[in-house]
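# Working through the structure, step by step
One letter stands for each residue in the lines below.
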Amino acid sequence: MNLSNVILKTASRLKPLLVKIIPLEALQRHKARLLKKNTDKFRDLNIEPMDRKRYPDGINLIGNIRGDSGLGQSCRLVADIILASGIPMTVKNYYTSSRYSMNCTEYDKYIGNDTPYNINIFHINAHECTTAFMDMGRQVFDGKYNIAFWLWELEEFPAEWRGCIDLFDEIWTPAEFISTCIRKYTDKPVITVPYCVTAPVDEQYDREYFQLPADKFLFLMMFDSESISERKNPKSVLKAYKKAFPKEKDDVGIVVKINEYKEDDIAYIHRELDGYNNVYILTETLSKVQVNSLIQCVDVYVSLHRAEGFGLVMAEAMHVGTPVIATNWSANTEFMNRDAACMVDYKLIEIEKDIGPYKAGNRWADPDISQAAGYMREYYENPVFRSELAGKAKAHIKTVLSMDKAKNIVADRVARIYEGR
C-alpha cells in the first residue's frame, strides 16, 4: 500500500473528526488533488501485457458482489453471464465504500482472495478505479488482460476520470448509450454487454407482507438517499401523482421505496403530499427477491429519471409483468419503447451547477410532468390497456435482454482476446 493510499484511508476513518475542524469542501478538494496526482501516473505505468503461460485461462471478477445496491446487482448479473458462457470464474469481493449493506451471499462459493486467471474484469466504476489500484497494487494487473465494466449516465464522461482508461486494455458497459460516450475519449475497444435480466419473486412477499392495502391502485417509485436524487428525480414523480389525482381520490395510492433513507427525504415527501392519505414509505433493507416481489405486487412502476446508465429496475418491472412509466431518454430506451411502456417526452436541459460528478453545462432530461400524469390516469382508468402493455413488456424484455444474447457476446469477445496469444 503506497503512502497516498495510507493517507486516503486514514482520512476516511477520521472523517467524522476532521469535518469538525476542517471544512468539508477543503477535505474534498484535497482528496481530489491526491487522486488526480495518482491518476495522472497511469499513462506511464506500462502494465505488463497478458501472459497465457503465466496464468490459466479464465476471468477474475472484481467488485462488490455482496452489495445490496444497484451496483451490487449489476456485478451479480455480470457474474451470471460469465458463468453461463462456461468460462472459469472467481470473484474478489472488493469495494471502496462500506456505506451499503452487504447481505447477498449467493455467490460466496466463487469468492476468493486471489485472482488466479489471466483476464480481470473490474466491476468498479471509474471514479473509484484510482483508489482501487492504489489499494490492490499493480500486481493484480500485471500479466493479465484488464477490462473495466463501467456505468455512467450522461453524454459526456467526466474529465477527471478519463485517465483511468489508461489502466485497462478495454472497457465494457451494459448499454450502447454509455459505450458511445466513452468511445469519444479512447481508441481502445469499448464493448456493449447488455445484462440478462432475471427477477425471481416469492409469493410470500405480497401486499400484506409489505403492509400495503389490497384494495388500492398503487404506483411505486424508488430511489436511494445516498445516491444523487437529482438524477433519479423522485420529486417529479410526486408532482405528476398530485397532478393526476386529487387528494380526495381514495382508491389510489403511491408507494415510495427509499434505500439508505434520510429523514429530510421523508419530511419532503410528507410536505409534498400533505393531505394525501394513501402514501406508503418503505425504508427497510430488502433482499433482491423481496424488491422484485414488491415491484410485482404494485400496479405501476414510475421512473421520471433525468438520465440512466441502464435502468435495471425498469427492466425488472417489465420482467415481472408490472407496467412502467419512464422518461424516454438515455440507456433505458435500448430495452423499452412505446409498444412496451408509457414513454414520457422530455426536453434536454443544461445542468446549472455541479451536482456530484454531473457537471454544469452537461445535459440531461427534464421529463414532461403533465404527460406522465396523463399516463398515470390512463393506467388507472383503463385495465385492458394496462394488461396489454404489461404482457407486451414481459415478452419484449425476455427477447432483448436474453441470456443467449449476453453470453454469446462475452464468449465471442473472450475468444477474440485469446486469439494469437
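Please refer to the structure placed before this passage.
Attention in this report is confined to the structure presented alongside it. Worth saying up front: this structure is predicted, and the values here are computed from it rather than measured. (Residues numbered from 1 in each chain as written. Predicted model: local features only at pLDDT ≥ 70, side-chain atom pairs only at ≥ 80, totals over all residues. Heavy atoms only, no water.)

## Structural notes on the overall build of the chain
When helices and strands are counted, the chain shows 13 helices and 14 strands. Its C-alpha atoms give the chain a radius of gyration of 22 Å, within 12% of the compact-globule value 22 Å for 421 residues. Dimensions of the chain along its principal axes, counting C-alpha atoms only, are 70 × 55 × 40 Å. Here the chain holds 421 residues, and the buried ones make up 53% of them. Long-range pairs, those at least 24 residues apart, make up 72% of the contacts in the chain between residues at least 6 apart in sequence. On the chain, roughly 19,300 Å² of surface is accessible, and the fraction owed to carbon and sulfur atoms is 47%. Here the chain contributes 55 positively and 58 negatively charged side chains, and the mean placements of these two sets differ by 5 Å. (Helix = DSSP H or I, 4+ residues; strand = E, 2+ residues; numbered from the N terminus. Rg over C-alpha atoms; globule rule 2.2 N^0.38 Å. Buried < 20%, exposed > 50% of the residue type's maximum accessible area, 1.4 Å probe, protein only. Contact = heavy atoms within 4.5 Å. Areas by Shrake-Rupley, 256 points an atom, 1.4 Å probe, with all protein chains shown as cover. Lys, Arg positive; Asp, Glu negative; His and termini not counted. Charge placed at Lys NZ, Arg CZ, Asp CG, Glu CD.)

## Focus on the environment of Asp-135
Among the secondary structure elements, Asp-135 is positioned in helix α4 (residues 126–136). With a relative accessible area of 25%, Asp-135 lands in the partly exposed category. Once the C-alpha coordinates of Asp-135 and Thr-96 are considered, the two residues, 39 residues apart in sequence, prove to be 8.9 Å apart. Of the polar contacts made by the side chain of Asp-135, one reaches the side chain of Tyr-94; its length is 3.1 Å. (Polar contact = N/O pair within 3.5 Å; in protein donor to acceptor, adjacent residues only side chain to side chain.)

## Comments concerning the pairing of strand β3 (residues 119–123)
Successive residues of a regular strand alternate their side chains across the two faces of the sheet. For β3, the tally of buried residues reaches five of five residues, placing the bulk of the element in the interior. Side chains Ile-119, Ile-121 and His-123 of β3 all project onto a buried face; the interleaved residues Asn-120 and Phe-122 project onto the opposite face, where all are buried too. Inspection of the sheet shows strand β1 (residues 59–63) paired to β3 by five bridges, in the parallel sense. Within the sheet, the bridge partner assigned to Leu-61 lies in β3 and is Ile-121. (Pairing = 2+ DSSP bridges.)

## Here we look at helix α10 (residues 312–320)
The element α10 is largely enclosed, with a buried count of eight among its nine residues. Among all positions of α10, only Leu-312, Met-314, Ala-315, Glu-316, Ala-317, Met-318, His-319 and Val-320 are buried. The secondary structure elements touched by the buried residues of α10 are α3 (70–85), α9 (288–297), β10 (300–303), β11 (324–327) and α12 (383–400).

## Quick notes on the side chain of Arg-306
Note on placement: Arg-306 falls in the loop between β10 and α10. By relative accessible area, which is 15% here, Arg-306 ends up buried. With residues up to four places along the chain from it excluded, the contact list for Arg-306 reads Glu-230, Arg-231, Asn-233, Trp-329, Ile-349, Trp-364, Ala-365, Asp-366 and Pro-367.

## Section: unusual backbone geometry
Positioned with a positive phi, Asn-46 is a non-glycine residue whose angle comes to about 55°. With respect to the helices, strands and loops of the structure, Asn-46 is situated in the loop between α2 (24–40) and β1. Owing to a relative accessible area of 64%, Asn-46 belongs among the exposed residues under this scheme. Even without being glycine, Asn-233 reaches a positive phi, approximately 60°.

## Some thoughts on the sheet that holds strand β12 (residues 342–344)
Read across the sheet, six strands follow the order β9-β8-β7-β10-β11-β12 without closing on themselves; strand pairing throughout is parallel. The open sheet is flanked by β9 (279–282) and β12, the only strands paired with a single partner. Here the strands of the sheet are splayed against their neighbours by 20° on average, with no regard to which way each runs. The pairing of β11 with β12 spans three bridges and is classified as parallel. Across the sheet, the residue bridging to Ile-325 is Cys-342, located in β12. Packing against the sheet, helix α11 (residues 369–381) makes contact with β7 (217–224), β8 (252–259), β10, β11 and β12, and its axis sits at approximately 165° to β12. (Axes fitted to C-alpha atoms, helices over the stretch in contact; angles between N-to-C directions.)

## Description of the sheet that holds β1
Across the sheet, six strands lie side by side as β2-β1-β3-β4-β5-β6; this open sheet has parallel pairing. Each edge of the open sheet carries a strand with a single partner, namely β2 (89–93) and β6 (190–192). Across this sheet, the average inter-strand angle for adjacent strands is 25°, counted without regard to direction.

## Comments concerning the pattern of salt bridges
Evaluation of the coordinates by the stated rule reveals 20 salt bridges. For Arg-363, the salt bridge identified is with Glu-155, shortest N-O distance 2.8 Å. You can see Arg-363 sitting in strand β14 (residues 363–367) and its partner Glu-155 sitting in the loop between β4 (145–149) and β5 (170–173), a full 208 residues away along the chain. Using a relative accessible area of 23% as the deciding quantity, one classes Glu-155 as partly exposed. In this structure, Asp-250 and Lys-216 form a salt bridge, with 3.5 Å as the shortest nitrogen-oxygen distance. Of the two residues, Asp-250 sits in the loop between α7 (234–244) and β8 while Lys-216 sits in the loop between β6 and β7, which places them 34 residues apart along the sequence. Under the relative-accessibility criterion, Lys-216 is labelled buried at 16%. (Salt bridge = Lys/Arg side-chain N within 4 Å of Asp/Glu carboxyl O.)

## Structural notes on the packing of aromatic side chains
The description of an aromatic ring pair uses the distance of the two centres, along with the angle that the planes make with each other. Scanning the model with the defined rule gives 27 aromatic pairs in all. Ring centres of Phe-42 and Phe-133 lie 5.3 Å apart, and the angle between their planes is 75°; on these two criteria the pair is classed as edge-to-face. Here Phe-42, found in the loop between α2 and β1, pairs with Phe-133, found in helix α4; they are 91 residues apart in sequence, far enough to count as distant. Relative to Phe-168, the ring of Trp-150 has its centre 5.8 Å away and its plane inclined at 90°; by these criteria the two rings are edge-to-face. Taken together, the residues span a long stretch of sequence, with Trp-150 in the loop between β4 and β5 and Phe-168 in the loop between β4 and β5 at a distance of 18 residues. The rings of Phe-42, Phe-122, Phe-133, Phe-141, Trp-150, Trp-152, Phe-157, Trp-161, Phe-168, Tyr-358 and Trp-364 are connected pair by pair, giving a single aromatic cluster. Between Lys-144 and the ring centre of Tyr-55, over which it is positioned, the NZ or CZ distance is 4.4 Å. Seen from the ring of Tyr-268, Lys-235 lies directly overhead, with NZ or CZ sitting 4.9 Å from the centre. (Phe/Tyr/Trp six-rings, centres within 6.5 Å; stacked < 30°, edge-to-face > 60°. Lys NZ or Arg CZ within 6 Å of the ring centre and 35° of its normal.)

This is a description of form; function is not addressed.
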